[in-house]
Amino acid sequence: MATKSVLMDRVFAAIDAATDEMVDFTCELIRVPTVNPPGDAYEECAHVIGRRLAACGFAVEYLAAEGRAEHTITHPRINVIGLRQGATARPLVHLNGHFDVVPAGAGWTVDPFGGRVKDGRIYGRGACDMKAGITAAIYAAEAIRRAGITLVGSIEISGTVDEESGGFAGMAWLAQQGRLSADKTDAVIITEPTNTDRVYVGHRGVYWFEVTTRGRIAHGCMPFLGVSAIEHMGVILDHLRRDLMPTLRARTTAMPVQPDGARHATLNINGIAGGQPIDGIQTPCVADICRAIFDRRFLVEEGFDATRAEIVTLLERAARETPDLLFELRDLMVVHPVRTPDGATVMAALDRAAQHVLGRSLRIAASPGTYDHKHVDRIAGVPNCVAYGPGILDLAHQPDEYCNITDLVQSTKILALSVLELTGSL
Ligand SMILES: [Zn+2]
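Remember, it's a predicted structure, so these values are computed and weren't measured experimentally.

About the cut-offs
Residues numbered from 1 in each chain as written. Predicted model: local features only at pLDDT ≥ 70, side-chain atom pairs only at ≥ 80, totals over all residues. Core = buried A, V, L, I, M, F, W, Y, C linked by C-beta atoms within 7 Å. Buried ≥ 20, exposed ≤ 12 C-beta atoms within 10 Å, placed from the backbone. Helix = DSSP H or I, 4+ residues; strand = E, 2+ residues; numbered from the N terminus. Contact = placed C-beta atoms within 7 Å. Domains from an automatic or database assignment. Expected span 1.5 Å × (residues − 1). Arc of directions from axis to C-beta. Axes fitted to C-alpha atoms, helices over the stretch in contact; angles between N-to-C directions. Left-handed = near helix turned anticlockwise from the far one by under 90°. Nonpolar A, V, L, I, M, F, W, Y, C, P; charged D, E, K, R; others polar. Pairing = 2+ DSSP bridges. Parallel < 35°, antiparallel > 145°, perpendicular 65-115°, else oblique.

**Observations concerning the nonpolar core**
Ile144, Leu350, Val386, Ala416 and Val419 are the most contacted members of the largest nonpolar core, which totals 94 residues. Of all the elements, helix α4 (residues 127–146) adds the most residues to this core, at 13 residues. Leave out the neighbours within four places in its chain, and Ile144 touches Val11, Ile149, Leu151, Ala416, Val419 and Leu420. Residues Phe209, Val286, Phe294 and Val335 belong to the second largest nonpolar core, which totals 19 residues.

Quick look at the structure:
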(Lines give C-alpha, C1' and ligand atoms only; values in the text may rest on other atoms or scores of the structure.)
Protein backbone atom coordinates (compact mmCIF):
# COMPACT_ATOMS: atom_id res chain seq x y z
CA MET A 1 0.00 0.00 0.00
CA ALA A 2 1.24 3.48 -0.89
CA THR A 3 2.38 5.67 1.98
CA LYS A 4 0.55 8.82 2.93
CA SER A 5 3.09 11.13 1.31
CA VAL A 6 3.04 9.15 -1.95
CA LEU A 7 -0.75 9.48 -2.05
CA MET A 8 -0.57 13.21 -1.37
CA ASP A 9 2.00 13.67 -4.13
CA ARG A 10 -0.29 11.83 -6.54
CA VAL A 11 -3.16 14.15 -5.65
CA PHE A 12 -0.98 17.24 -6.11
CA ALA A 13 0.26 15.95 -9.46
CA ALA A 14 -3.36 15.41 -10.57
CA ILE A 15 -4.23 19.01 -9.60
CA ASP A 16 -1.18 20.44 -11.39
CA ALA A 17 -2.05 18.43 -14.48
CA ALA A 18 -5.65 19.69 -14.35
CA THR A 19 -4.71 23.40 -14.11
CA ASP A 20 -5.85 24.29 -17.64
CA GLU A 21 -9.10 22.39 -17.15
CA MET A 22 -9.73 24.27 -13.90
CA VAL A 23 -9.07 27.64 -15.51
CA ASP A 24 -11.33 26.81 -18.45
CA PHE A 25 -14.12 25.66 -16.16
CA THR A 26 -13.90 28.85 -14.05
CA CYS A 27 -14.08 30.91 -17.26
CA GLU A 28 -17.11 28.88 -18.36
CA LEU A 29 -18.84 29.66 -15.06
CA ILE A 30 -18.00 33.39 -15.35
CA ARG A 31 -19.57 33.47 -18.83
CA VAL A 32 -22.92 32.52 -17.32
CA PRO A 33 -24.07 35.94 -16.02
CA THR A 34 -25.75 34.86 -12.78
CA VAL A 35 -26.39 38.41 -11.65
CA ASN A 36 -28.27 38.87 -8.39
CA PRO A 37 -30.50 40.79 -8.21
CA PRO A 38 -32.59 39.64 -10.00
CA GLY A 39 -31.10 36.12 -10.15
CA ASP A 40 -30.35 35.66 -13.85
CA ALA A 41 -29.32 32.42 -15.58
CA TYR A 42 -29.39 30.32 -12.40
CA GLU A 43 -30.78 27.25 -14.13
CA GLU A 44 -28.10 27.35 -16.83
CA CYS A 45 -25.32 27.74 -14.26
CA ALA A 46 -26.69 24.95 -12.05
CA HIS A 47 -26.54 22.68 -15.10
CA VAL A 48 -22.98 23.71 -16.01
CA ILE A 49 -21.96 22.72 -12.47
CA GLY A 50 -24.14 19.60 -12.48
CA ARG A 51 -22.73 18.33 -15.76
CA ARG A 52 -19.18 18.73 -14.47
CA LEU A 53 -20.04 16.98 -11.21
CA ALA A 54 -21.61 14.11 -13.16
CA ALA A 55 -18.48 13.85 -15.33
CA CYS A 56 -16.47 13.60 -12.10
CA GLY A 57 -18.49 10.65 -10.83
CA PHE A 58 -21.06 12.45 -8.69
CA ALA A 59 -24.74 11.54 -8.45
CA VAL A 60 -26.37 14.90 -9.26
CA GLU A 61 -29.68 16.40 -8.18
CA TYR A 62 -31.24 19.73 -9.06
CA LEU A 63 -33.33 21.29 -6.33
CA ALA A 64 -35.72 24.14 -7.10
CA ALA A 65 -36.51 26.26 -4.04
CA GLU A 66 -40.23 25.44 -4.09
CA GLY A 67 -42.22 27.53 -1.66
CA ARG A 68 -39.90 30.53 -1.74
CA ALA A 69 -41.48 33.71 -3.15
CA GLU A 70 -38.29 34.59 -5.05
CA HIS A 71 -38.50 31.26 -6.98
CA THR A 72 -40.48 32.41 -10.04
CA ILE A 73 -40.99 31.26 -13.63
CA THR A 74 -38.79 34.07 -14.98
CA HIS A 75 -36.14 33.69 -12.27
CA PRO A 76 -36.20 30.12 -10.97
CA ARG A 77 -34.02 29.42 -7.94
CA ILE A 78 -32.27 26.15 -8.85
CA ASN A 79 -29.65 24.65 -6.54
CA VAL A 80 -27.46 21.69 -7.47
CA ILE A 81 -26.00 18.99 -5.24
CA GLY A 82 -23.63 16.18 -6.17
CA LEU A 83 -22.80 13.24 -3.94
CA ARG A 84 -19.90 10.86 -4.34
CA GLN A 85 -20.20 8.11 -1.82
CA GLY A 86 -17.08 6.44 -0.48
CA ALA A 87 -16.74 3.03 1.13
CA THR A 88 -19.03 4.31 3.90
CA ALA A 89 -21.65 7.07 3.92
CA ARG A 90 -19.95 8.82 6.86
CA PRO A 91 -18.04 10.92 7.55
CA LEU A 92 -19.62 13.18 4.96
CA VAL A 93 -17.81 16.37 3.97
CA HIS A 94 -19.89 19.00 2.23
CA LEU A 95 -18.20 21.64 0.05
CA ASN A 96 -20.43 24.57 -0.86
CA GLY A 97 -20.22 27.50 -3.23
CA HIS A 98 -22.78 30.11 -4.20
CA PHE A 99 -22.92 30.78 -7.93
CA ASP A 100 -24.80 34.08 -7.88
CA VAL A 101 -22.74 37.22 -8.38
CA VAL A 102 -23.38 40.89 -7.67
CA PRO A 103 -23.97 43.23 -10.66
CA ALA A 104 -20.82 44.19 -12.58
CA GLY A 105 -21.11 47.93 -11.86
CA ALA A 106 -18.93 50.55 -13.56
CA GLY A 107 -15.17 50.84 -14.00
CA TRP A 108 -14.27 47.59 -15.74
CA THR A 109 -11.39 47.48 -18.24
CA VAL A 110 -12.34 43.95 -19.37
CA ASP A 111 -15.68 42.31 -20.18
CA PRO A 112 -17.02 41.29 -16.73
CA PHE A 113 -18.68 38.23 -18.25
CA GLY A 114 -16.01 37.43 -20.87
CA GLY A 115 -14.17 34.85 -18.75
CA ARG A 116 -10.68 35.86 -19.93
CA VAL A 117 -7.20 35.00 -18.64
CA LYS A 118 -4.40 37.58 -18.57
CA ASP A 119 -1.03 37.49 -16.80
CA GLY A 120 -1.88 34.42 -14.74
CA ARG A 121 -5.21 35.84 -13.58
CA ILE A 122 -8.77 34.82 -14.38
CA TYR A 123 -10.85 37.97 -14.79
CA GLY A 124 -14.57 38.47 -14.46
CA ARG A 125 -17.46 39.16 -12.12
CA GLY A 126 -17.49 36.24 -9.72
CA ALA A 127 -13.91 35.18 -10.50
CA CYS A 128 -13.02 35.27 -6.81
CA ASP A 129 -16.52 35.57 -5.28
CA MET A 130 -16.85 32.72 -5.85
CA LYS A 131 -16.75 30.77 -9.07
CA ALA A 132 -13.08 29.85 -8.61
CA GLY A 133 -14.13 28.40 -5.25
CA ILE A 134 -16.66 26.14 -6.95
CA THR A 135 -13.95 24.96 -9.35
CA ALA A 136 -11.60 24.32 -6.41
CA ALA A 137 -14.23 22.19 -4.64
CA ILE A 138 -14.97 20.06 -7.70
CA TYR A 139 -11.31 19.55 -8.66
CA ALA A 140 -10.22 18.78 -5.11
CA ALA A 141 -12.63 15.84 -5.26
CA GLU A 142 -11.71 14.95 -8.84
CA ALA A 143 -7.94 14.95 -8.12
CA ILE A 144 -8.52 12.41 -5.35
CA ARG A 145 -10.31 10.21 -7.86
CA ARG A 146 -7.66 10.68 -10.56
CA ALA A 147 -5.00 9.77 -8.00
CA GLY A 148 -6.74 6.42 -7.66
CA ILE A 149 -7.59 6.88 -3.97
CA THR A 150 -10.69 5.14 -2.65
CA LEU A 151 -12.54 7.42 -0.28
CA VAL A 152 -13.59 6.08 3.07
CA GLY A 153 -16.34 8.62 3.78
CA SER A 154 -18.31 10.67 1.25
CA ILE A 155 -18.01 14.02 -0.51
CA GLU A 156 -20.95 16.23 -1.29
CA ILE A 157 -20.62 19.41 -3.36
CA SER A 158 -23.34 22.01 -3.73
CA GLY A 159 -23.76 25.04 -5.95
CA THR A 160 -26.35 27.34 -4.44
CA VAL A 161 -28.21 30.56 -5.23
CA ASP A 162 -28.83 33.93 -3.64
CA GLU A 163 -25.98 34.12 -1.12
CA GLU A 164 -25.50 37.76 -2.07
CA SER A 165 -29.09 38.49 -1.02
CA GLY A 166 -29.14 36.38 2.14
CA GLY A 167 -29.13 32.79 0.86
CA PHE A 168 -32.77 32.14 1.76
CA ALA A 169 -33.57 30.18 -1.42
CA GLY A 170 -30.09 28.64 -1.37
CA MET A 171 -28.26 27.30 1.68
CA ALA A 172 -31.02 28.27 4.13
CA TRP A 173 -33.60 26.44 2.01
CA LEU A 174 -31.43 23.32 1.61
CA ALA A 175 -30.95 23.25 5.38
CA GLN A 176 -34.67 23.68 5.98
CA GLN A 177 -35.36 20.76 3.62
CA GLY A 178 -32.98 18.60 5.65
CA ARG A 179 -30.59 18.29 2.68
CA LEU A 180 -27.91 19.63 4.94
CA SER A 181 -28.27 18.46 8.52
CA ALA A 182 -26.45 17.22 11.58
CA ASP A 183 -27.97 13.77 10.84
CA LYS A 184 -25.85 13.29 7.77
CA THR A 185 -23.30 16.09 7.41
CA ASP A 186 -20.08 15.98 9.42
CA ALA A 187 -18.17 18.98 8.12
CA VAL A 188 -18.85 21.92 5.81
CA ILE A 189 -16.33 24.05 3.95
CA ILE A 190 -17.70 27.07 2.11
CA THR A 191 -15.14 27.89 -0.55
CA GLU A 192 -15.52 31.70 -0.36
CA PRO A 193 -12.38 33.73 -1.15
CA THR A 194 -10.13 33.79 1.91
CA ASN A 195 -6.84 34.84 0.33
CA THR A 196 -5.69 31.18 0.26
CA ASP A 197 -3.90 31.52 3.61
CA ARG A 198 -6.79 32.39 5.92
CA VAL A 199 -9.70 30.47 7.30
CA TYR A 200 -12.91 32.27 8.24
CA VAL A 201 -14.53 31.09 11.43
CA GLY A 202 -17.71 33.13 11.44
CA HIS A 203 -19.04 36.64 11.45
CA ARG A 204 -20.66 39.42 13.47
CA GLY A 205 -24.42 39.73 13.83
CA VAL A 206 -26.70 41.95 11.75
CA TYR A 207 -29.68 43.99 12.91
CA TRP A 208 -31.47 45.96 10.21
CA PHE A 209 -34.21 48.22 11.47
CA GLU A 210 -36.42 51.00 10.21
CA VAL A 211 -37.29 54.08 12.21
CA THR A 212 -40.27 56.19 11.19
CA THR A 213 -40.95 59.60 12.65
CA ARG A 214 -44.41 61.10 12.26
CA GLY A 215 -45.12 64.84 12.34
CA ARG A 216 -48.09 67.04 11.43
CA ILE A 217 -48.55 68.60 8.01
CA ALA A 218 -48.96 72.39 7.81
CA HIS A 219 -48.30 75.23 5.38
CA GLY A 220 -44.60 75.62 4.64
CA CYS A 221 -44.84 79.40 5.11
CA MET A 222 -45.89 78.82 8.73
CA PRO A 223 -43.85 75.76 9.76
CA PHE A 224 -44.41 76.63 13.44
CA LEU A 225 -48.02 75.43 13.00
CA GLY A 226 -46.86 71.92 12.07
CA VAL A 227 -44.45 69.29 13.35
CA SER A 228 -41.59 68.34 11.04
CA ALA A 229 -40.93 64.62 10.90
CA ILE A 230 -37.62 65.36 9.16
CA GLU A 231 -36.38 67.59 11.98
CA HIS A 232 -37.34 64.89 14.44
CA MET A 233 -35.39 62.32 12.48
CA GLY A 234 -32.50 64.78 12.75
CA VAL A 235 -32.89 64.74 16.53
CA ILE A 236 -32.68 60.94 16.50
CA LEU A 237 -29.59 61.03 14.27
CA ASP A 238 -27.98 63.49 16.71
CA HIS A 239 -28.65 61.12 19.58
CA LEU A 240 -27.20 58.21 17.63
CA ARG A 241 -24.07 60.16 16.77
CA ARG A 242 -23.56 61.63 20.22
CA ASP A 243 -24.63 58.80 22.52
CA LEU A 244 -24.30 55.57 20.57
CA MET A 245 -21.48 55.85 18.02
CA PRO A 246 -18.65 56.48 20.56
CA THR A 247 -19.91 53.57 22.66
CA LEU A 248 -19.94 51.26 19.65
CA ARG A 249 -16.40 52.24 18.66
CA ALA A 250 -15.21 51.43 22.18
CA ARG A 251 -16.55 47.87 22.03
CA THR A 252 -14.20 45.25 20.62
CA THR A 253 -14.88 41.59 19.94
CA ALA A 254 -12.49 38.80 20.82
CA MET A 255 -13.31 37.28 17.42
CA PRO A 256 -10.48 37.84 14.90
CA VAL A 257 -12.56 39.99 12.55
CA GLN A 258 -10.64 41.41 9.58
CA PRO A 259 -10.16 44.26 8.79
CA ASP A 260 -9.39 45.56 12.31
CA GLY A 261 -11.96 48.37 12.06
CA ALA A 262 -14.68 45.74 11.90
CA ARG A 263 -13.66 44.32 15.29
CA HIS A 264 -15.88 47.03 16.75
CA ALA A 265 -19.62 47.29 16.75
CA THR A 266 -20.83 49.53 13.90
CA LEU A 267 -23.88 51.42 12.68
CA ASN A 268 -24.58 52.50 9.12
CA ILE A 269 -27.49 54.56 7.83
CA ASN A 270 -28.58 52.72 4.69
CA GLY A 271 -31.16 55.21 3.50
CA ILE A 272 -33.41 58.05 4.49
CA ALA A 273 -36.55 59.53 2.96
CA GLY A 274 -38.85 62.22 4.29
CA GLY A 275 -41.48 64.70 3.19
CA GLN A 276 -42.13 65.10 -0.51
CA PRO A 277 -40.14 63.14 -3.09
CA ILE A 278 -37.37 65.53 -4.11
CA ASP A 279 -37.66 64.72 -7.81
CA GLY A 280 -41.38 65.63 -7.87
CA ILE A 281 -43.25 68.92 -7.98
CA GLN A 282 -42.86 70.70 -4.66
CA THR A 283 -45.66 72.26 -2.63
CA PRO A 284 -45.14 74.22 0.58
CA CYS A 285 -45.72 71.60 3.27
CA VAL A 286 -44.19 70.59 6.58
CA ALA A 287 -43.02 66.96 6.33
CA ASP A 288 -45.41 64.66 8.18
CA ILE A 289 -43.33 61.50 7.72
CA CYS A 290 -39.67 60.53 7.59
CA ARG A 291 -38.21 57.02 7.40
CA ALA A 292 -34.65 55.77 7.74
CA ILE A 293 -33.13 52.32 7.55
CA PHE A 294 -30.17 51.38 9.73
CA ASP A 295 -27.65 48.55 9.59
CA ARG A 296 -26.25 47.72 13.01
CA ARG A 297 -23.48 45.08 13.09
CA PHE A 298 -23.23 43.60 16.56
CA LEU A 299 -20.63 41.52 18.30
CA VAL A 300 -21.07 38.02 19.61
CA GLU A 301 -20.34 39.52 23.07
CA GLU A 302 -23.20 42.04 22.74
CA GLY A 303 -25.95 39.64 21.67
CA PHE A 304 -29.12 40.67 19.86
CA ASP A 305 -31.41 41.40 22.82
CA ALA A 306 -29.07 43.95 24.37
CA THR A 307 -28.37 45.46 20.94
CA ARG A 308 -32.04 46.07 20.27
CA ALA A 309 -32.77 47.25 23.84
CA GLU A 310 -30.05 49.87 23.51
CA ILE A 311 -31.71 51.29 20.37
CA VAL A 312 -35.13 51.34 22.05
CA THR A 313 -33.74 53.17 25.09
CA LEU A 314 -32.08 55.76 22.89
CA LEU A 315 -35.24 56.37 20.83
CA GLU A 316 -37.37 56.67 23.97
CA ARG A 317 -34.95 59.19 25.47
CA ALA A 318 -35.02 61.28 22.28
CA ALA A 319 -38.83 61.21 22.41
CA ARG A 320 -38.91 62.17 26.09
CA GLU A 321 -36.59 65.12 25.58
CA THR A 322 -38.30 66.43 22.43
CA PRO A 323 -41.91 67.67 22.46
CA ASP A 324 -44.17 65.92 19.89
CA LEU A 325 -41.47 63.50 18.71
CA LEU A 326 -43.32 60.34 17.70
CA PHE A 327 -41.43 57.34 16.40
CA GLU A 328 -41.99 53.75 15.35
CA LEU A 329 -39.33 51.06 15.27
CA ARG A 330 -39.62 48.09 12.94
CA ASP A 331 -37.21 45.14 12.80
CA LEU A 332 -36.30 44.25 9.22
CA MET A 333 -33.68 41.52 9.58
CA VAL A 334 -31.77 39.81 12.34
CA VAL A 335 -28.76 37.56 11.73
CA HIS A 336 -27.14 36.20 14.85
CA PRO A 337 -23.34 36.04 15.02
CA VAL A 338 -21.75 32.64 14.43
CA ARG A 339 -18.39 31.27 15.45
CA THR A 340 -16.82 27.92 14.64
CA PRO A 341 -16.16 26.19 17.97
CA ASP A 342 -12.54 25.85 19.11
CA GLY A 343 -11.15 22.47 18.21
CA ALA A 344 -13.47 21.96 15.21
CA THR A 345 -12.02 19.16 13.09
CA VAL A 346 -12.56 21.13 9.88
CA MET A 347 -10.18 23.85 11.10
CA ALA A 348 -7.54 21.38 12.19
CA ALA A 349 -7.68 19.53 8.86
CA LEU A 350 -7.38 22.72 6.79
CA ASP A 351 -4.53 23.95 8.95
CA ARG A 352 -2.54 20.73 8.62
CA ALA A 353 -3.12 20.81 4.86
CA ALA A 354 -1.97 24.44 4.66
CA GLN A 355 1.19 23.64 6.60
CA HIS A 356 1.91 20.96 4.06
CA VAL A 357 1.12 23.04 0.95
CA LEU A 358 2.11 26.57 2.04
CA GLY A 359 4.61 25.68 4.73
CA ARG A 360 2.72 27.70 7.35
CA SER A 361 -0.44 27.76 9.42
CA LEU A 362 -3.60 29.45 8.23
CA ARG A 363 -4.49 32.80 9.77
CA ILE A 364 -7.75 32.56 11.63
CA ALA A 365 -10.13 35.39 10.75
CA ALA A 366 -13.78 36.31 11.07
CA SER A 367 -15.73 38.10 8.39
CA PRO A 368 -16.94 41.69 8.72
CA GLY A 369 -20.11 40.73 6.82
CA THR A 370 -22.19 37.59 6.92
CA TYR A 371 -22.20 34.67 4.51
CA ASP A 372 -23.94 31.29 4.32
CA HIS A 373 -22.14 29.98 7.44
CA LYS A 374 -25.09 31.22 9.51
CA HIS A 375 -27.53 28.84 7.81
CA VAL A 376 -25.18 25.87 8.19
CA ASP A 377 -24.78 26.58 11.89
CA ARG A 378 -28.24 27.73 12.91
CA ILE A 379 -30.61 25.86 10.58
CA ALA A 380 -28.67 22.72 9.63
CA GLY A 381 -27.14 22.49 13.12
CA VAL A 382 -23.63 21.76 11.83
CA PRO A 383 -21.19 23.93 13.82
CA ASN A 384 -18.19 22.18 12.21
CA CYS A 385 -18.12 24.76 9.39
CA VAL A 386 -15.64 27.32 8.06
CA ALA A 387 -15.00 29.30 4.90
CA TYR A 388 -11.82 28.60 2.99
CA GLY A 389 -11.09 29.11 -0.70
CA PRO A 390 -9.12 30.81 -3.50
CA GLY A 391 -9.17 34.50 -4.30
CA ILE A 392 -8.47 37.80 -2.58
CA LEU A 393 -11.47 38.82 -0.49
CA ASP A 394 -10.88 42.55 -1.06
CA LEU A 395 -11.47 42.07 -4.81
CA ALA A 396 -14.98 40.71 -4.28
CA HIS A 397 -17.68 43.01 -5.70
CA GLN A 398 -15.00 45.32 -7.23
CA PRO A 399 -14.42 46.21 -10.91
CA ASP A 400 -11.77 44.04 -12.62
CA GLU A 401 -12.32 41.25 -10.10
CA TYR A 402 -9.85 38.44 -10.69
CA CYS A 403 -8.46 35.25 -9.19
CA ASN A 404 -4.80 34.25 -9.47
CA ILE A 405 -4.37 30.85 -11.08
CA THR A 406 -1.67 29.98 -8.54
CA ASP A 407 -4.16 30.72 -5.71
CA LEU A 408 -6.71 28.46 -7.37
CA VAL A 409 -4.20 25.61 -7.61
CA GLN A 410 -2.92 25.99 -4.05
CA SER A 411 -6.38 26.22 -2.51
CA THR A 412 -7.48 23.16 -4.44
CA LYS A 413 -4.54 21.21 -3.01
CA ILE A 414 -5.35 22.36 0.53
CA LEU A 415 -9.01 21.45 0.06
CA ALA A 416 -8.12 18.02 -1.36
CA LEU A 417 -5.87 17.15 1.60
CA SER A 418 -8.52 18.38 4.03
CA VAL A 419 -11.21 16.27 2.38
CA LEU A 420 -8.97 13.20 2.56
CA GLU A 421 -8.40 13.77 6.27
CA LEU A 422 -12.01 14.66 7.11
CA THR A 423 -13.39 11.63 5.28
CA GLY A 424 -10.94 9.38 7.11
CA SER A 425 -9.21 8.44 3.85
CA LEU A 426 -5.61 9.29 4.75
ZN1 LIG B 1 -19.38 35.17 -1.81
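What follows continues from the structure just given.
**Some details on the domain arrangement of the chain**
Taken domain by domain, the chain holds domain 1 (4–203 + 337–422) and domain 2 (205–335). Computed over C-alpha atoms only, the centres of domain 1 and domain 2 are separated by 37 Å. Listed per partner, the contact involves nine residues of domain 1 and eleven residues of domain 2. For the side of domain 1 that touches domain 2, the leading source of residues is strand β14 (residues 363–367), giving three residues.

**Remarks on helix α1 (residues 4–17)**
The terminal C-alpha atoms of α1 lie 20 Å apart, and with 14 residues this matches the ideal 20 Å at 1.5 Å per residue to within 8%. Within α1, burial applies to Met8, Val11, Ala14 and Ile15. Around the axis of α1, the buried residues are gathered within 120 degrees of arc, so they sit on the same side. Every exposed residue of α1 that faces more than 90 degrees away from the buried side is listed here: Ser5, Val6, Asp16 and Ala17. Next to the buried residues of α1 lie α4 and α10 (405–422).

**Structural notes on the packing of α1 against α10**
Viewed as axis vectors pointing N to C, α1 and α10 meet at an angle of 145 degrees, and their least axial separation amounts to 10 Å. Between α1 and α10 the crossing geometry is right-handed. Together, Met8, Val11, Phe12, Ile15 and Asp16 of α1 and Val409, Thr412, Lys413, Ala416 and Leu417 of α10 make up the contact between the two elements. A breakdown of the residues in the contact of α1 with α10 according to their chemical character gives seven nonpolar, one polar and two charged.

**Overview of the sheet that holds strand β4 (residues 116–118)**
Adjacent strands of a sheet form backbone hydrogen bonds with each other and so pair up, either parallel or antiparallel. Taken in spatial order, the three strands line up as β4-β5-β16 in an open sheet, and their pairing is antiparallel. Here the strands that pair on one side only, and so sit at the sheet edges, are β4 and β16 (402–404). The sheet shows a mean angle of 25 degrees between the axes of neighbouring strands, taken without regard to direction. Packing against the sheet, α10 makes contact with β5 (121–123) and β16, and its axis sits at approximately 60 degrees to β16.

**A word on the sheet that holds strand β12 (residues 326–335)**
Ordered by their spatial adjacency, four strands build an open sheet running β10-β11-β9-β12, and the pairing between neighbours is antiparallel. Both outer strands of the open sheet, β10 (266–274) and β12, are each paired with one neighbouring strand and no more. Each strand of the sheet is rotated relative to its neighbour by a mean of 15 degrees, with strand direction disregarded. The sheet contact formed by strand β9 (residues 205–214) and β12 spans nine bridges and is antiparallel. Across the sheet, residue Thr213 finds its bridge partner in β12, namely Phe327.

**What to know about the packing of helix α2 (residues 19–30) against α10**
Where α2 meets α10, the closest approach of the two axes is 11 Å, and the angle between their N-to-C directions is 110 degrees. The pairing of α2 with α10 is recorded here as roughly perpendicular in orientation. You can see that α2 and α10 cross each other, and the crossing is right-handed. Across the interface between the two elements, Thr19, Met22 and Val23 of α2 pack against Ile405, Leu408, Val409 and Thr412 of α10. Its residues assigned to classes, the contact of α2 with α10 comprises five nonpolar, two polar and no charged.

**So, the pairing of strand β11 (residues 289–298)**
Examined bridge by bridge, β9 and β11 share ten bridges and lie antiparallel to one another. Counted as the bridge partner of Thr212 is Arg291 from β11. Relative to β11, β10 runs antiparallel, the two being bridged by eight bridges. Within the sheet, the bridge partner assigned to Gly274 lies in β11 and is Cys290.

**Some details on the environment of Lys118**
With respect to the element layout, Lys118 can be found in strand β4. Along the sequence, Lys118 and Ser361 sit 243 residues apart, while their C-alpha atoms lie 30 Å from each other.

**Quick word on the environment of Asp243**
When you line up the elements, Asp243 lands in helix α6 (residues 229–250). Taking the number of C-beta atoms within 10 Å as the measure of exposure, Asp243 has 14 and is therefore partly exposed.

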